[in-house]
Amino acid sequence: MRRFLPAALIVLTGSALLRVSLLSDLCLRYVKEGLRPFLVICGAVLVLLGAADALLRLRGTAADADTGNPGHDEDDDHGHGHAHAGSGLKTAWLLAVPAVLLLVAAPPALGSYAVARDGSGAIARRATFPLLPPQGPLALSLTDFITRAVWDDKESLKGRTVRLEGFVTPRPGGVWQLSRVIVSCCAADARVVEVEIHGLGTPQADTWVTVTGVWRPAPGARVPTLDATGLTVIPQPKNPYRDAPPAPDTQPSAAAGP
């Protein structure tokens, strides 16, 4: 049976890719949405290759049985190659670890633990900004809010009520931050955007929320600050790395505390 292990590992790896990309949205925890079709294709190809390899090995075993040749299942030609085969199998088994994790308990998307240890919060400078609607509250993405707060010389956010969406990152000193993780390709190139929240107690870490409040100008602050007046707990979005404005029908359900 040892000769079938490489084929089994290939099928296992392909099945894991299909599970997170074709049968669920779990792949969006690790890569951007545009890469999903490629994961599906890779998973299908691996499953087919593994099945074809197993079929060829099965036919070889049957042919050996018909001719009375026991074959070389252990690669034991006078001891030469046995060590190489064993070393190759040990290395191949490393593929099984991430595959089994994806099949049994897929790791979550990056959250507050990653944010607390990240230093990539810089926002690219912008010179012009489109006009904001005269009516509020304004539903903005975190990136748009932070960019306006940092770079808009006209202070278009001043005095305006805004609504932002992200997950909770507790910070020392009784404050917390509304955070988003944004990826260009996959979780390996993730960068963090965050807004410091005042006026509300700290929800549980990694809880996804919509926060309503007013921008507090704070020149020289490490991150923009929001004086919050309301909060709504929401489910984690299907694509947690897409920095989008809150849904229009989201309403605050918790008043600001002392």
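Higher on the page you've got the structure.
All values reported here derive from a predicted model rather than from experimental measurement.

Criteria and thresholds
Numbers given for residues are sequential positions, taken from 1 along each chain in its written order. Under the rules for a predicted model, residues below a pLDDT of 70 receive no local features and side-chain atom pairs below 80 are neither given nor counted, while totals for whole chains, interfaces and linings still include all residues. Side-chain calculation: all heavy atoms of the structure are included, whereas hydrogens and water are not. What makes a salt bridge here is a side-chain nitrogen of Lys or Arg within 4 Å of a carboxyl oxygen of Asp or Glu, nothing more. The secondary structure listing takes helices from DSSP runs of H or I that are at least 4 residues long and strands from runs of E that are at least 2 residues long, numbered from the N terminus. The convention used is that axes are lines fitted to C-alpha atoms, helices contributing only their stretch in contact, and that angles between N-to-C directions extend from 0 to 180 degrees. Here a crossing is taken to be left-handed if its near helix is turned anticlockwise relative to the far helix by less than a right angle, and right-handed if that turn runs clockwise. In what follows, residue pairs with any heavy atoms lying within 4.5 Å of each other are defined as contacts. Gly is put with the polar residues, along with every residue not named as nonpolar or charged; the nonpolar set is Ala, Val, Leu, Ile, Met, Phe, Trp, Tyr, Cys and Pro, and the charged set is Asp, Glu, Lys and Arg. Here, any two strands with at least 2 DSSP bridges between them count as paired. Partly exposed residues are those whose accessible area sits between 20% and 50% of the maximum for their type, while under 20% is buried and over 50% is exposed, using a 1.4 Å probe and protein chains only. What the arc describes is the spread of directions from the helix axis to the C-beta atoms.

Turning next to the pattern of salt bridges. For the coordinates displayed, the defined rule picks out six salt bridges. Two residues, Asp144 and Arg148, come together in a salt bridge whose shortest N-O distance is 3.3 Å. Taken together, the residues span about one helical turn, with Asp144 and Arg148 both in helix 6 (residues 142-151) at a distance of four residues. Across the salt bridge formed by Arg216 and Asp227, the nearest N and O atoms sit 2.7 Å from each other. Highlighted residues: Arg216 in strand 5 (residues 208-216) and Asp227 in strand 6 (residues 225-233), separated in sequence by 11 residues.

Axes are the key here: two packed helices are described by the angle between their axes and the distance separating the axes. The geometry of helix 1 (residues 5-21) relative to helix 4 (residues 96-104) is characterised by a closest axis approach of 9 Å and an angle of 35° between their N-to-C directions. Judged by the sense of rotation from one axis to the other, the crossing of helix 1 with helix 4 is left-handed. Across the interface between the two elements, Leu9, Leu12, Thr13, Ser15, Ala16, Arg19 and Val20 of helix 1 pack against Ala96, Ala99, Val100, Leu102, Leu103 and Val104 of helix 4. Taken together, the residues of the contact of helix 1 with helix 4 sort by class into 10 nonpolar, two polar and one charged.

Moving on, we come to the pairing of strand 4 (residues 191-198). Sheet analysis places strand 3 (residues 176-182) next to strand 4, joined by seven bridges and oriented antiparallel. Considered in strand 4, the bridge of Ile182 is made with Arg191. Looking at chain direction, strand 4 and strand 6 are connected through three bridges and run parallel. Within strand 6, the position partnered with Ile197 by the bridge is Leu226.

By the burial criterion, the buried members of helix 4 are Ala96, Ala99 and Leu102. In a view along the axis of helix 4, the buried residues occupy a sector of 135°, so they form one face of it. With respect to the buried face of helix 4, the exposed residues turned more than 90 degrees away are Val97 and Val104.

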